[in-house]
Amino acid sequence: MPRVPGPERKREVGRGERVLPGVWRLRLPLPWPGVPHGNAWAVAAGDGIVLFDCGYHDEGSLGHLERALAMVNLKLEHVRLLVCTHAHTDHYGQAATVVDASGCELWMHPNHEHMTRHANDPEEWLRRRLEVARQSGVPSEPLERFAESRRGSNTGIARIIEPDKDLLPGVEIGTDLGTWTVHETPGHAPSHVCLYQPERRLLISGDHLLGRVSLYYDYGYTPDPAGEFLSSLDTVETLGARLCLPGHGRTFTDVQAHIEANRSLVTERVAKVLDVVTERGPITIFDAVPQVYGEAITPMNANWWMSETLCYANHLERLGRLERIPGEDGGPERWVAAD
Ligand SMILES: [Zn+2]
Ligand SMILES: [Zn+2]
């Protein structure tokens, strides 16, 4: 009888592949469950490349980037410019290492404090996160476990470096495929930008637009991340991109359909939060989450779903649909429908 091979768990390593002449996808492993890898994109520019994003910093992570580059006959020394779509660890983490190795400049949006402040003062960042969670009604026991697991853990960033140039509208990035323009797309993160090549209609979308709709917002830095994300979808829609090079997963062509899918999922979730709070309020965010998603909170989804729900509640508060009732004596805040 032929042997049936058992499930083979492939060790994740950096991999490089050409997606178009002069454009390479560098797929870099991530230590996160459910998000096994992220992309950096190399685009030919003269005798070198422009590198868009650079992966998470961890033990051995530089080796993965070098391996991915080597698979397409490139080296770190070829990097002439590093452009980061946003300051999350999986896109900016190795920026200092890449700059050190290649001598290139880093260009990134100036609103990177959401990350740089965290990496400069992890204790303060943790304290703020815990305070938001406590205010949202998370019980103290799982909160302490979370805090313990985070203390002294890897931040995912080699070293904080400031951009040499602020990546703002009007800045142009020259490559062999033509010039790329900068489009501010906050929502997922305050520092998020998309890069667009108009003649070829190519969009480097970071985490703003992914092949599989996946909503995540950085809470606590801007007034209305969900509202900002919706406006950013409008921004990208006007570009008319033909091919999207996303921050995770494969390239995709039906860009407009992806924009619409994101918009309808946000609209659906916002409506759900409004329903849950209207029916069950006054309610904490922690108690609302299982009703919104139809599933229990677990340590795996807690952070993600809580901040997403909190962002929708904030959005509805700004629209005059919900009100927050401040917690008394250090208790959590509760939400009710506005009358
Ligand atoms: Zn991100
Ligand atoms: Zn990402």
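The coordinates are above.
In this report, the structure presented in the accompanying data block is examined. (Residues numbered from 1 in each chain as written. Chains lettered and ligands numbered in written order. Predicted model: local features only at pLDDT ≥ 70, side-chain atom pairs only at ≥ 80, totals over all residues. Heavy atoms only, no water.)

### Observations concerning the sheet that holds strand β10 (residues 193-197)
Strand pairing in a sheet takes place through backbone hydrogen bonds and is either antiparallel or parallel in direction. Stated formally: Strand pairing follows a simple DSSP-based rule, namely that at least 2 bridges must link the two strands. Secondary structure counts use DSSP, requiring at least four H or I residues in a row for a helix and at least two E residues in a row for a strand, with both numbered from the N terminus. Here, axes are lines fitted to C-alpha atoms. For helices the fit covers the stretch in contact, and angles between N-to-C directions go from 0 to 180 degrees.
Taking strand neighbours across the sheet as the criterion, the five strands line up as β8-β9-β10-β11-β12 in an open arrangement whose pairing is mixed. Looking along the sheet, the strands with just one partner apiece sit at the ends: β8 (172-175) and β12 (243-246). On average, each strand axis in the sheet is inclined to that of its neighbour by 25°, with strand direction left out of account. Pairing of strand β9 (residues 178-184) with β10, which is carried by four bridges, proceeds in the antiparallel orientation.

### Some remarks on the sheet that holds strand β2 (residues 23-32)
We apply this condition: Contacts were defined at the residue level, with two residues in contact if any of their heavy atoms lie within 4.5 Å.
On the basis of which strands lie adjacent, the open sheet formed by seven strands has the order β1-β2-β3-β4-β5-β6-β7 and mixed pairing. Bordering the open sheet on either side are β1 (15-20) and β7 (165-166), each of which pairs with just one other strand. Where β2 and strand β3 (residues 35-45) come together, eight bridges link them in antiparallel fashion. Residue pairing across strands places W32 opposite V35, the latter belonging to β3. In this fold helix α1 (residues 61-71) packs onto β1, β2 and β4 (48-52), with an angle of close to 155° to the strand it touches most, β2. Against the sheet, helix α3 (residues 95-102) touches β4, β5 (79-83) and β6 (105-108), its axis set at about 160° to β5.

### Digging into the coordination of the zinc ion (ligand 2)
Note the cut-off: Only nitrogen, oxygen and sulfur atoms qualify as donors, and only when within 2.8 Å of the metal (3.2 Å in the case of Na, K and Ca); with water excluded, sites may look incomplete. Under the classification used here, a metal with four donors is tetrahedral if each angle lies between 85 and 135 degrees, square planar if opposite donors are over 155 degrees apart and the others between 65 and 115, a six-donor metal meeting that same test is octahedral, and anything else is irregular. Only protein chains enter the accessibility calculation, which uses a 1.4 Å probe; a residue whose area is less than 20% of its type maximum is buried, one above 50% is exposed, and one in between is partly exposed.
Within the protein, the atoms that donate to the zinc ion (ligand 2) are D90 (OD), H91 (NE2), D207 (OD) and H248 (NE2), at distances of 2.1 Å. Geometry at the zinc ion (ligand 2) is irregular, judged from the four donor atoms that bind it and their angles of 88 to 151° at the metal. Here the donor residues of the zinc ion (ligand 2) share one chain and are spaced in sequence as D-H-x115-D-x40-H. Between the zinc ion (ligand 2) and the zinc ion (ligand 1), the interatomic distance is 3.5 Å, and D207 donates to each metal, bridging them. With H91 in helix α2 (residues 89-92) and H248 in the loop between β12 and α8 (255-280), this residue pair connects regions lying 157 residues apart in the sequence. The buried category is assigned to H91, whose relative accessible area is 0%.

### Some words on the state of the cysteines
Spelled out, the test is: Pairs of cysteine sulfur atoms within 2.5 Å are what we label disulfides.
This structure, assessed with the given rule, holds zero disulfides. Here C84 stays unpaired: no disulfide links it, and the sulfur of C54, its closest cysteine neighbor, is 4.5 Å away. Take C84: its relative accessible area is 0%, and that puts it in the buried class. Its sulfur unpaired, C311 is 18 Å from the next cysteine sulfur, which belongs to C194. Residue C311 is classed as buried on the basis of its relative accessible area of 0%.

### Describing the packing of helix α9 (residues 285-293) against helix α10 (residues 302-318)
Put simply, the rule reads: Here the angle decides the label: under 35 degrees means roughly parallel, over 145 means roughly antiparallel, 65 to 115 means roughly perpendicular, and every other value means oblique.
In the contact formed by α9 and α10, the axes pass within 9 Å of each other and the chain directions differ by 95°. Taken together, the axes of α9 and α10 lie roughly perpendicular to each other. Here α9 contributes I285, F286, V289, V292 and Y293 to the contact with α10, which in turn contributes W305, M306, E308, T309, L310 and A313.

### Comments concerning the packing of aromatic side chains
Rules: Only Phe, Tyr and Trp rings take part, Trp by its six-membered ring, and two of them pair if their centres are within 6.5 Å. Stacked means planes under 30 degrees apart, edge-to-face means over 60, and tilted covers everything else. Criterion for a charge above a ring: Arg CZ or Lys NZ at most 6 Å from the ring centre, at most 35 degrees from the ring normal.
For the structure on display, the rule yields six aromatic pairs. A ring pair is formed by F52 and W180, whose centres lie 5.6 Å apart and whose planes are at 45°; its orientation type is tilted. A residue pair is termed long-range when its members are at least 10 positions apart, and F52 in strand β4 and W180 in strand β9 qualify at 128 residues. F52 gets classed as buried once you look at its relative accessible area, which sits at 0%. Residue W180 is classed as buried on the basis of its relative accessible area, which comes to 0%. Taken together, the ring pairs connect Y217, F229 and Y312 into an aromatic cluster. One residue, K165, lies across the ring of W107, its end atom 4.8 Å from the ring centre.

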